[in-house]
Amino acid sequence: MKGEDIRILLVDDEPDILEIIRFNLSKEGYKIYTATDGKQAWDKAISKLPHLIILDIMMPIMDGIETCEKLRQDNRFKDTIIMFLTARGEEYSHLAAYNVGADDYVTKPIKPKVLVSKIKSLLRRLNDPSLFPSTLKFKGLVIDSEAYSVTVDNVIINFPKKEFKLLYMLASQPGKVFERNKILNEIWGESLVGERTIDVHMRKIRRKIGKKYLKTIKGVGYKFIDPRKIK
């Protein structure tokens with residue numbers, strides 16, 4: 001997908017920040033739309049159907065967490081890339097963002113060139129028609145790549161994209177130990193995220209499917225244990 005075909009929605013209640021980001025992204029050829037609160041963001045998202053949404057957390061009317069949660073509840077935005085760009089650096093803010101379906105979380109201040117690089121990395125997914133071409137089936141566990149869902153004991157669980165890709169990658173090769181660096185490169189690409197990001201996502205996956213399927217290899221990484229081989 002070419003730059004001029006990509007639509008990006010910027011949401012921040014600070015006009016100066018909106019203008020700086022808009023200016024730098026416009027130079028890349030992207031179509032840029034802006035909003036100053038969550039309500040405006042929702043209305044713009046409905047009318048423009050952006051490929052990427054960049055959200056602040058602290059906004060009037062409806063904050064970024066509420067906005068992201070509302071977007072993810074609408075099937076039209078199931079595959080939309082959502083990045084948080086905010087001054088909130090607390091761990092609970094990171095967790096809240098990922099819990100409502102964020103793909104990435106970046107704290108301010110950030111240099112415009114670094115931000116553009118991160119956005120380009122996130123947008124590379126749009127050119128990959130299918131990272132997960134098949135469905136994985138185990139006893140009591142089905143991972144459906146088309147629905148981005150996991151069925152555990154006949155109960156369907158919907159997963160955000162990052163969690164799904166992480167689980168699918170591990171389950172695609174049961175017993176193989178995936179090193180942390182490989183996980184970061186495969187799932188987050190060139191995004192500047194720390195290794196704690198993996199831990200956050202793994203905790204969320206384990207809460208959804210149980211702890212027995214995923215094993216931590218201390219100091220190395222993680223592996224998936226085939227449920228059929230669990231005694």
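Computed from a predicted model, the values in this text were never measured in an experiment. (Residues numbered from 1 in each chain as written. Predicted model: local features only at pLDDT ≥ 70, side-chain atom pairs only at ≥ 80, totals over all residues. Heavy atoms only, no water.)

Caption draft 1: Representation of the overall build of the protein within the structure. A count of helical and extended segments in the protein gives eight helices and twelve strands. Here the protein, with 231 residues, has 48% of them falling under the buried criterion. Sequence separation of at least 24 residues holds for 59% of the intrachain contacts in the protein that already meet a minimum separation of 6. (Helix = DSSP H or I, 4+ residues; strand = E, 2+ residues; numbered from the N terminus. Buried < 20%, exposed > 50% of the residue type's maximum accessible area, 1.4 Å probe, protein only. Contact = heavy atoms within 4.5 Å.)

Caption draft 2: Representation of the nonpolar core. Ranked by internal contacts, the top residues of the largest apolar core, which has 29 residues, are Ile143, Val150, Leu167, Ile183, Ile209, Leu214 and Phe224. Only strand E6 (136-138), strand E7 (141-144), strand E8 (149-152), helix H6 (161-171), helix H7 (180-188), helix H8 (196-209) and strand E12 (221-224) provide two or more residues apiece to this core. Ranked by the residues each element gives to this core, the list is headed by H6, at seven residues. With residues near it in sequence (within four places) discarded, Ile183 still touches Leu166, Met169, Phe178, Trp188, Ile198 and Tyr222. Formed by 23 residues, the second largest nonpolar core is a distinct cluster that contains Leu9, Cys68, Phe77 and Ala102. (Core = buried A, V, L, I, M, F, W, Y, C linked by side-chain atoms within 4.5 Å.)

Caption draft 3: Representation of the sheet that holds E7. Sheet architecture is open: four strands sit in the order E6-E7-E8-E9, paired in antiparallel fashion. Two strands in the sheet have a free side with no partner beyond their single neighbour: E6 and strand E9 (155-158). On average, adjacent strands in this sheet sit at an angle of 15° to one another, irrespective of strand direction. Relative to E7, H6 is tilted by about 120°, and along the sheet it contacts E6, E7 and E8. (Pairing = 2+ DSSP bridges. Axes fitted to C-alpha atoms, helices over the stretch in contact; angles between N-to-C directions.)

Caption draft 4: A look at the environment of Thr86. Within the secondary structure layout, Thr86 lies in strand E4 (residues 81-86). Considered as a pair, Thr86 and Asp12 are 74 residues apart in the sequence and their alpha carbons are 8.9 Å apart. Not counting residues up to four positions away in its chain, the partners in contact with Thr86 are Asp56, Ile57, Tyr105, Val106, Thr107 and Lys108. Only 3.3 Å separates the side chain of Thr86 from the side chain of Asp56, close enough to count as a polar contact. A polar contact is formed between the side chain of Thr86 and the backbone nitrogen of Arg88, at a distance of 3.1 Å. (Polar contact = N/O pair within 3.5 Å; in protein donor to acceptor, adjacent residues only side chain to side chain.)

Caption draft 5: Here's a closer look at the packing of helix H4 (residues 91-99) against H8. One can describe the packing of H4 onto H8 by two numbers: an axis separation of 11 Å at closest approach and a directional angle of 50°. Viewed along their axes, H4 and H8 adopt a mutual orientation that is oblique. H4 and H8 meet at a crossing whose hand is right-handed. In contact with Glu91, Leu95, Tyr98 and Asn99 of H4, H8 contributes Arg196, Thr197, Val200, His201, Arg203, Lys204 and Arg207. (Parallel < 35°, antiparallel > 145°, perpendicular 65-115°, else oblique. Left-handed = near helix turned anticlockwise from the far one by under 90°.)

Caption draft 6: How the structure looks around the pattern of salt bridges. Under the criterion given, the structure shown has 13 salt bridges. The salt bridge involving Asp43 is made with Lys39; its shortest N-O contact spans 2.8 Å. Of the two residues, Asp43 and Lys39 are both situated in helix H2 (residues 38-48); the distance of four residues between them amounts to about one turn of the helix. The salt bridge involving Glu163 is made with Lys208; its shortest N-O contact spans 2.8 Å. With Glu163 in helix H6 and Lys208 in helix H8, this residue pair connects regions lying 45 residues apart in the sequence. Classification of Glu163 as buried rests on a relative accessible area of 1%. (Salt bridge = Lys/Arg side-chain N within 4 Å of Asp/Glu carboxyl O.)

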